[in-house]
Amino acid sequence: MKKVIVLGSNGQLGMTIKDLTPRETLELSFFSRKDLDITDRNKLTKAFKHADFDYCINCAAYTNVEGAETNIEDAFLINAEGAKNIAKVCKAYQVKLIHISTDYVFDGKKLKPYTTIDTPNPINEYGKSKLQGELYVQEKLKEYYIIRTSWLYSLHGKNFLKTIISKIKNDETLSITTGEEGTPTSCLDLSAFIFHIIETDKLPYGIYNFSAKGSTTWFRFAKEIVRNLDAEKLDKISPVESFKTLAKRPKYSVLSLNKTKRYFEELSTWQKSVRIMVKKI
Ligand SMILES: NC(=O)c1ccc[n+]([C@@H]2O[C@H](COP(=O)([O-])OP(=O)(O)OC[C@H]3O[C@@H](n4cnc5c(N)ncnc54)[C@H](OP(=O)(O)O)[C@@H]3O)[C@@H](O)[C@H]2O)c1
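Everything numeric here is computed off the predicted structure, so don't read it as measured data.

Caption draft 1: Representation of the overall build of the protein chain. Per the secondary structure count, the protein chain includes 10 helices and 12 strands. Here the C-alpha atoms of the protein chain give a radius of gyration of 18 Å, agreeing with the 19 Å that 2.2 N^0.38 yields for 281 residues. In terms of overall dimensions, the protein chain has a C-alpha envelope of 55 × 40 × 35 Å along the principal axes. Within the span of the protein chain, comprising 281 residues, buried residues form 52% of the whole. Considering only intrachain contacts with a sequence separation of at least 6, the fraction spanning at least 24 residues in the protein chain is 82%. Surface accessibility of the protein chain: about 13,500 Å² in total, with carbon and sulfur atoms responsible for 48%.

Following this line, the structure appears as structure tokens:
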């Protein structure tokens with residue numbers, strides 16, 4: 001039975017992982033921000049010291065992309081220094097780290113899916129802080145999995161899919177951007193990949209991309225959500241090229257799944273995963 005610590009367990013990915021336990025092969029311990037702040041090295045050490053964890057899943061992050069433009073210090077403290085603290089404690093207690101990162105480490109200038117060996121070049125503070133976190137993990141540790149993922153949604157917390165559903169249920173009309181292309185990813189699918197890494201326990205260390213298959217725009221993503229919810233309300237959504245925002249977003253952030261496919265066969269199309277989630281909500 002593998003012992004696993006999950007950090008940031010009250011976020012949408014952490015909560016999804018919690019939903020999917022108990023699992024016979026894993027003993028999971030969940031720590032929310034209140035239980036264990038990843039910026040507090042002493043508390044991290046205390047939690048790891050006698051616990052004998054095999055794996056750590058880091059779901060903790062500063063994820064407010066707009067907020068990071070003005071709260072740069074907070075974003076770096078959590079996404080970069082926090083990741084460094086976790087990497088150090090994992091090294092000290094020989095724990096394998098699964099660290100979640102983002103498609104926003106890329107600038108979006110490429111027109112083909114980003115591979116795990118493409119050079120990152122983030123264009124907003126959130127992306128810069130997440131990239132710094134990745135670099136610290138790679139510098140401090142050998143036994144790590146960095147999983148870059150994109151456009152997460154789940155039953156929990158705040159996410160685009162839940163926002164669209166609640167606004168459509170309130171009969172609101174919505175303008176959604178067509179100016180960015182990427183891939184929506186269900187936290188259920190991502191959790192399955194994370195469990196696969198731990199349960200097989202033999203994937204080569206390094207960077208992996210994880211998303212659903214295919215790509216779309218936020219506008220087409222919204223339409224797919226509404227088609228599954230109530231197709232009669234499709235005319236409530238209209239396209240707009242872009243909105244003025246503080247944070248620049250990559251115009252194209254599709255992740256190549258070629259490497260991931262070699263180790264994990266159960267990749268779903270983004271449309272199928274959206275259908276499953278809308279049914280659950
Ligand atoms: N959401 C997306 O679309 C997306 C896309 C690509 C990659 N990712 C990455 O995927 C991972 C999971 O994201 P998510 O959507 O599940 O994020 P989320 O829902 O915002 O959850 C993040 C969690 O981290 C916690 N946290 C923040 N600061 C912390 C600290 N100092 N110590 C401990 N916990 C702390 C938060 O607690 P509080 O709520 O109490 O602050 C929250 O529960 C993150 O690494 C994120 O960067 C997300």
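Caption draft 2: Structural context of the environment of Arg41. Relative to the helices and strands, Arg41 is located in helix H2 (residues 41-49). Residue classification places Arg41 among the partly exposed residues on the basis of a relative accessible area of 47%. The spacing of Arg41 and Ser186 is 145 residues in sequence and 31 Å in space, taken between C-alpha atoms. If sequence neighbours within four positions are ignored, Arg41 has contacts with Asn85 and Lys88.

Caption draft 3: Summary view of helix H7 (residues 187-200). Taking 1.5 Å per residue, 14 residues should reach 20 Å; H7 reaches 20 Å between its end C-alpha atoms and fits that length. For H7, the set of buried residues is Cys187, Leu190, Ser191, Phe193, Ile194, Phe195, His196, Ile197 and Ile198. At the N-terminal boundary of H7, the capping side chain belongs to Ser186, with an oxygen 3.1 Å from the backbone nitrogen of Leu188.

Caption draft 4: The packing of aromatic side chains, seen in detail. Enumeration according to the criterion identifies 18 aromatic pairs in this entry. Consider the rings of Phe48 and Phe53, whose centres lie 5.6 Å apart with planes at 75°: the pair is edge-to-face. A residue is classified by how much of its surface remains accessible, and Phe48, at 2% relative accessible area, is buried. Exposure remark for Phe53: the relative accessible area of 7% places this residue in the buried category. A network of ring pairs unites the aromatic residues Tyr145, Phe193, Tyr205, Tyr208, Phe210, Tyr263 and Phe264 as a single cluster. When the ring centre of Tyr136 is taken as origin, the NZ or CZ atom of Lys84, which lies over that ring, is 4.5 Å away. Lying over the aromatic face of Tyr208, Lys259 brings its terminal NZ or CZ to 4.1 Å of the ring centre.

Caption draft 5: Molecular detail of the packing of helix H1 (residues 12-19) against H7. In the contact formed by H1 and H7, the axes pass within 9 Å of each other and the chain directions differ by 65°. Judged by the angle between their axes, H1 and H7 are roughly perpendicular. Taken as a pair, H1 and H7 cross one another with a handedness that is right-handed. Packed against H1, whose contacting residues are Gln12, Leu13, Thr16 and Ile17, the element H7 presents Cys187, Leu188, Leu190, Ser191, Ile194 and Phe195 at the interface. In the contact of H1 with H7, the residues fall into seven nonpolar, three polar and no charged.

Caption draft 6: Representation of the site of the ligand. Around the ligand, a shell composed of 24 residues is seen, among which Arg33, Asp37, Thr63, Tyr126 and Lys130 lie nearest. Asp37 is positioned such that a nitrogen or oxygen atom in its side chain is 2.8 Å from a nitrogen atom of the ligand. Every element with two or more residues in the shell around the ligand is listed here: H1, strand E4 (96-102) and helix H5 (125-140). Broken down by element, the shell around the ligand gets its largest block of residues, three residues, from E4. A breakdown of the residues in the shell around the ligand according to their chemical character gives 11 nonpolar, 10 polar and three charged.

Scoring rules and cut-offs
- Sequence positions are assigned chain by chain, starting from 1 and proceeding in written order.
- Totals for whole chains, interfaces and linings use all residues, but because this is a predicted model, local features are given only for residues with pLDDT of at least 70 and pairs of side-chain atoms are given and counted only at 80 or more.
- Only hydrogens and water are set aside; all other atoms, that is, all heavy atoms of the structure, feed into the side-chain values.
- Here a strand is any run of E in DSSP of at least two residues, a helix any run of H or I of at least four, and the numbering for each starts at the N terminus.
- This radius of gyration counts C-alpha atoms alone. The globule rule is 2.2 Å times how many residues there are, raised to the power 0.38.
- Buried, partly exposed and exposed residues are distinguished by accessible area as a fraction of the type maximum, computed with a 1.4 Å probe on protein chains only: under 20%, between the cut-offs, and over 50%, respectively.
- Here a residue-residue contact requires only that any non-hydrogen atoms of the pair lie within 4.5 Å.
- The protein chains shown are the only cover counted for residues, whose accessible areas, like all others here, come from Shrake-Rupley with a 1.4 Å probe.
- Expected span of a helix, by definition, is 1.5 Å for each gap between consecutive residues, and there is one gap fewer than residues.
- Whenever a nitrogen or oxygen atom comes within 3.5 Å of another N or O atom, the pair is scored as a polar contact, on the condition that within protein one atom can donate a hydrogen and the other can accept it, and that pairs from neighbouring residues in sequence are kept only if both atoms are in side chains.
- In this analysis, rings of Phe, Tyr and Trp, with Trp reduced to its six-membered ring, are considered paired at centre separations within 6.5 Å, and the interplanar angle assigns stacked below 30 degrees, edge-to-face beyond 60, and tilted for intermediate values.
- By definition here, charges over rings are those cases where NZ of Lys or CZ of Arg is within 6 Å of the ring centre and within 35 degrees of the ring normal.
- Helix axes use the C-alpha atoms of the stretch in contact, all axes being lines fitted to C-alpha atoms, and the angles between their N-to-C directions lie in the range 0 to 180 degrees.
- Working definition: roughly parallel below 35 degrees, roughly antiparallel above 145 degrees, roughly perpendicular at 65 to 115 degrees, and oblique for all remaining angles.
- With the far helix as reference, a near helix turned anticlockwise by less than a right angle produces a left-handed crossing, and one turned clockwise produces a right-handed crossing.
- Classes in brief: Ala, Val, Leu, Ile, Met, Phe, Trp, Tyr, Cys and Pro nonpolar; Asp, Glu, Lys and Arg charged; the others, Gly included, polar.
- Any residue with at least one heavy atom within 4 Å of a molecule or strand is counted as near it.

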